[in-house]
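If you want the building blocks of each chain, they are given just below.
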Amino acid sequence: MTLIDHGFRLAAPGRPGVLLIHGLTGAPGEMKFLAKKLHRRGFDVLVPQLAGHGADQAALLASTWRDWLASVVAAYDAYAQEIDEIHVAGVCVGGALGLALCALRPRIKTAAVYSMTFEYDGWNMKGWMKGAWLIQAVANLPGVRRISFAEPYPFGLKDERLRERVAKAPESFIEGALDRLPFGALFQMYRLGRHVERIGRDVHAPCLILHAREDDMSHPRNAWRLRETLGGQADVRLLEDSYHMIHVDQERTLVADMTAAFFGAEVEAPARVAPVHA
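Residues numbered from 1 in each chain as written. Predicted model: local features only at pLDDT ≥ 70, side-chain atom pairs only at ≥ 80, totals over all residues. Heavy atoms only, no water.

1. What about empty space enclosed by the protein?
In this structure the tally under the stated criterion is one cavity of 30 Å³ or more. Within this model, the largest cavity holds a volume of roughly 50 Å³. Taken together, Cys-92, Val-93, Ala-96, Met-116, Thr-117, Met-189, Leu-192 and Gly-193 make up the full set of residues lining the largest cavity. Counting only elements with at least two residues in the lining of the largest cavity, the list comes to helix H4 (93–104) and helix H8 (183–199). If one sorts the elements of the lining of the largest cavity by residue count, H8 sits on top with three residues. (1 Å grid on protein atoms, 1.4 Å probe; cavity = no way out; pocket = protein on both sides within 12 Å on 5 of 7 lines; lining within 4 Å. Points joined across faces, edges and corners; volume = space filled by probe spheres on them. Helix = DSSP H or I, 4+ residues; strand = E, 2+ residues; numbered from the N terminus.)

What follows is the structure in structure tokens.
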């Protein structure tokens, strides 16, 4: 399959920039809502595509977490030639990559991490948790790494309308995304998580950690574990009406607003209401 670059930018000349990073097996399109909201709040927004993404499972399996990080570093370095102040935000693997980037590029102003996943231990992953230790041990073996699995219903979505769209046509929900996760890529996700734990104290950018209290894939303990990894200085906020995909789920507007505020956006002016005449 030919690789297609789905990355995009919403330009705002002279304004601070935000680098948004999509998740594992995802695509830049999943960040469109958040990108548009941040752009309206006065940010220039760049959404690159991670290495190994935009094609098929073979392309993903040919990449490692270091390749994903290298693609983020390259996107940042090019972006920083134009933008002086840059913030970074990402979901799950994208959030972990954003923090790894912060350790390498300390000029980054602030960071936001959505639905951090060190372990798949949410309420919908009970069967997975029983064999997690074994899966992690064998996931990258030649006879295992190409085996793939589909994300279980409700697909990280509390929004019933969205989850039914995914159930009917998972391959078309987000252009360029994959509907199955191969074990070899899962192994790389775990390696990335351990890397973040090693370099966490090297991240000096203020960090906002957003996580759903009812996350079906990764328990909120992942958020607190990340806060501890970063030295206990991060701001953790739990959301009450979403599952794992908080950036597209029912509280997506809240996620965007909290992110914009944390990144220093001006407070939105209240809507003008016409006076009522007696």
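What follows continues from the structure just given.
2. Topic: the pairing of strand S4 (residues 86–91)
Among the six residues of S4, six are classified as buried, and the element is accordingly described as predominantly covered. The side-chain alternation of S4 yields two buried faces, one formed by Ile-86, Val-88 and Gly-90 and the other by His-87, Ala-89 and Val-91. Judged from the five bridges that link them, strand S2 (residues 17–21) and S4 form a sheet pairing that is parallel. In the sheet register, Val-18 faces S4, and the bridge partner there is His-87. In this structure, S4 lies alongside strand S5 (residues 111–114), joined through four bridges in parallel fashion. Its bridge partner being in S5, Val-88 is matched across the sheet by Ala-111. For the segment spanning S4, H4 and S5, crossover handedness is right-handed. (Buried < 20%, exposed > 50% of the residue type's maximum accessible area, 1.4 Å probe, protein only. Pairing = 2+ DSSP bridges. Right-handed = clockwise from strand over helix to strand, strands pointing away.)

3. A few points about the pattern of salt bridges
When their charged atoms lie close together, side chains carrying opposite charge are able to pair. Within the structure shown, the criterion is met by 15 salt bridges. The salt bridge partner of Asp-257 is Arg-41, with a shortest N-O separation of 3.5 Å. With Asp-257 in helix H10 (residues 252–262) and Arg-41 in the loop between helix H1 (32–40) and strand S3 (44–47), the pair connects residues that are 216 residues apart, well separated along the chain. Judged by its relative accessible area of 14%, Arg-41 is buried. One salt bridge in this structure joins Arg-213 and Glu-240, with 2.8 Å as the shortest N-O distance. Pair noted here: Arg-213 is in the loop between strand S8 (207–212) and helix H9 (221–229) and Glu-240 is in the loop between strand S9 (235–239) and H10, with a separation of 27 residues, a long-range link. A relative accessible area of 47% means that Arg-213 is categorised as partly exposed. Glu-240 sits in the partly exposed class, given a relative accessible area of 45%. It is possible to trace a salt-bridge network through shared partners that takes in Glu-119, Arg-194, Glu-197 and Arg-225. (Salt bridge = Lys/Arg side-chain N within 4 Å of Asp/Glu carboxyl O.)

4. Here's the deal with the nonpolar core
The biggest cluster of nonpolar side chains holds 57 residues, and the ones touching the most others in it are Leu-19, Leu-97, Leu-99, Tyr-120, Trp-128, Leu-186 and Leu-226. It is H8 that provides the largest number of residues to this core, a total of nine residues. With residues near it in sequence (within four places) discarded, Leu-97 still touches Ile-21, Leu-50, Trp-65, Trp-68, Leu-69, Val-72 and Leu-192. Grouped together as the second largest cluster of nonpolar side chains are 26 residues, Ala-89, Val-255, Met-258 and Ala-260 included. (Core = buried A, V, L, I, M, F, W, Y, C linked by side-chain atoms within 4.5 Å. Contact = heavy atoms within 4.5 Å.)

5. Observations concerning the layout of surface pockets
The computed volume of the largest pocket comes to approximately 620 Å³. As for the largest pocket, its lining consists of 29 residues, and the residues nearest its centre are Leu-24, Thr-25, Glu-151, Leu-178 and Met-245. For the lining of the largest pocket, the secondary structure elements donating two or more residues are strand S6 (148–150) and strand S7 (180–182). Among the residues making up the lining of the largest pocket, the classes are represented as 21 nonpolar, four polar and four charged. Here the second largest pocket is characterised by a volume of approximately 350 Å³. (Nonpolar A, V, L, I, M, F, W, Y, C, P; charged D, E, K, R; others polar.)

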